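Okay, here's what each chain looks like letter by letter:
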Amino acid sequence: MKPQNRCIVDFVVNNLLIITGAATIVSGFVLQLGFHIGNTNRHYEHNTPDVEPLIDTSSTVWGIDYATWSAIHKVVIVLLLFLMVYHIAIHWKWYRGVLARHLVRKNQQVIVLSFLFILVALTGLIPWFIDLLGNRNFLRLILIEIHDKISILLIIYLILHVVKRAKWFLSTLGKVRSKE
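What you see is a predicted model, and the numbers here were worked out from it, not measured in a lab.

Before going further, it helps to spend a moment on the overall build of the protein. Scanning the protein from N- to C-terminus turns up six helices and two strands. For the protein, the succession of helices and strands along the chain, N to C, is α-β-β-α-α-α-α-α. Buried positions account for 31% of the 180 residues belonging to the protein. The contacts of the protein with a sequence gap of at least 6 include a subset with a gap of at least 24, amounting to 69%. Total accessible area computed for the protein in this model is approximately 11,900 Å², and 69% of it derives from carbon and sulfur atoms.

We now examine the packing of helix H2 (residues 66-90) against helix H4 (residues 108-132). Running from N to C, H2 and H4 cross one another at 135 degrees; their axes reach a closest spacing of 12 Å. By the criterion of interaxial angle, the relationship of H2 to H4 is oblique. Crossing angle aside, the handedness with which H2 passes H4 is left-handed. When H2 is examined against H4, the residues Lys74, Val78, Leu80, Leu81 and Met84 are found in contact with a partner set consisting of Phe117, Leu125 and Trp128.

Bringing unusual backbone geometry into the picture now. Notably, Trp62 is not glycine yet its phi reads approximately 55 degrees, a positive angle. Within the secondary structure, Trp62 is located in the loop between strand S1 (60-61) and strand S2 (64-65). The phi angle at His102 is positive, at roughly 55 degrees, despite the residue not being glycine. In this fold, His102 is placed in the loop between helix H3 (92-100) and H4.

This part is about helix H5 (residues 138-164). Spanning 27 residues, H5 covers 39 Å between terminal C-alpha atoms, matching the ideal 39 Å at 1.5 Å per step. Listing the buried residues of H5 in full gives Arg140, Leu141, Leu143, His147, Asp148, Ile150, Ser151, Leu154, Ile155 and His161.

On to the packing of H4 against H5. In the contact formed by H4 and H5, the axes pass within 8 Å of each other and the chain directions differ by 150 degrees. By the angle between their directions, the pair H4 and H5 is classed as roughly antiparallel. Here the hand of the crossing between H4 and H5 comes out left-handed. Broken down by class, the residue content of the contact of H4 with H5 amounts to 20 nonpolar, six polar and three charged.

All told, the structure shown has one salt bridge when counted by the stated rule. A salt bridge links Glu145 to Lys149; the shortest N-O distance between them is 2.8 Å. Within this pair, Glu145 and its partner Lys149 are both found in helix H5, separated by four residues, close to a single helical turn. The class for Glu145 is partly exposed, based on a relative accessible area of 37%.

Calculation rules
- Residues numbered from 1 in each chain as written.
- Predicted model: local features only at pLDDT ≥ 70, side-chain atom pairs only at ≥ 80, totals over all residues.
- Heavy atoms only, no water.
- Helix = DSSP H or I, 4+ residues; strand = E, 2+ residues; numbered from the N terminus.
- Buried < 20%, exposed > 50% of the residue type's maximum accessible area, 1.4 Å probe, protein only.
- Contact = heavy atoms within 4.5 Å.
- Areas by Shrake-Rupley, 256 points an atom, 1.4 Å probe, with all protein chains shown as cover.
- Axes fitted to C-alpha atoms, helices over the stretch in contact; angles between N-to-C directions.
- Parallel < 35°, antiparallel > 145°, perpendicular 65-115°, else oblique.
- Left-handed = near helix turned anticlockwise from the far one by under 90°.
- Expected span 1.5 Å × (residues − 1).
- Nonpolar A, V, L, I, M, F, W, Y, C, P; charged D, E, K, R; others polar.
- Salt bridge = Lys/Arg side-chain N within 4 Å of Asp/Glu carboxyl O.

Okay, structure coming up:
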């Protein structure tokens, strides 16, 4: 790929990452704050395999019910995951260089961000697959709770990552506009 085309593709992918990341954050917060937190209809019977908090499926947030918010969250997560795989793949040489030259300390923010992303992805995807298999067990709930907590740290690191690269976004926007 020509360097100028690569610049445009990277710019589009990075902007899509920001959009899907924001959509993931918003839908995640809506699910957490709108449907999970404060729900007093929880039941946890240790003798039954169906250990799941009860969610009021008749309630809505901004006119959208729980099932739709959950579907939105899952769709944007899948899009975000594909974009992140591409993003990491194009920066794979950088990761190898950082590790080979022992520059982890100097690049600690990006390394922590990457590690947090992997943890959040795993603690979100594993419960999803457990649910798809029809199993609702206590491990699924624990992973979801871990996912929810680590996601807050991930959001902080994502904001720092984007802010640190604001100059790149602005200069690349100028390059993209000049190509039009």
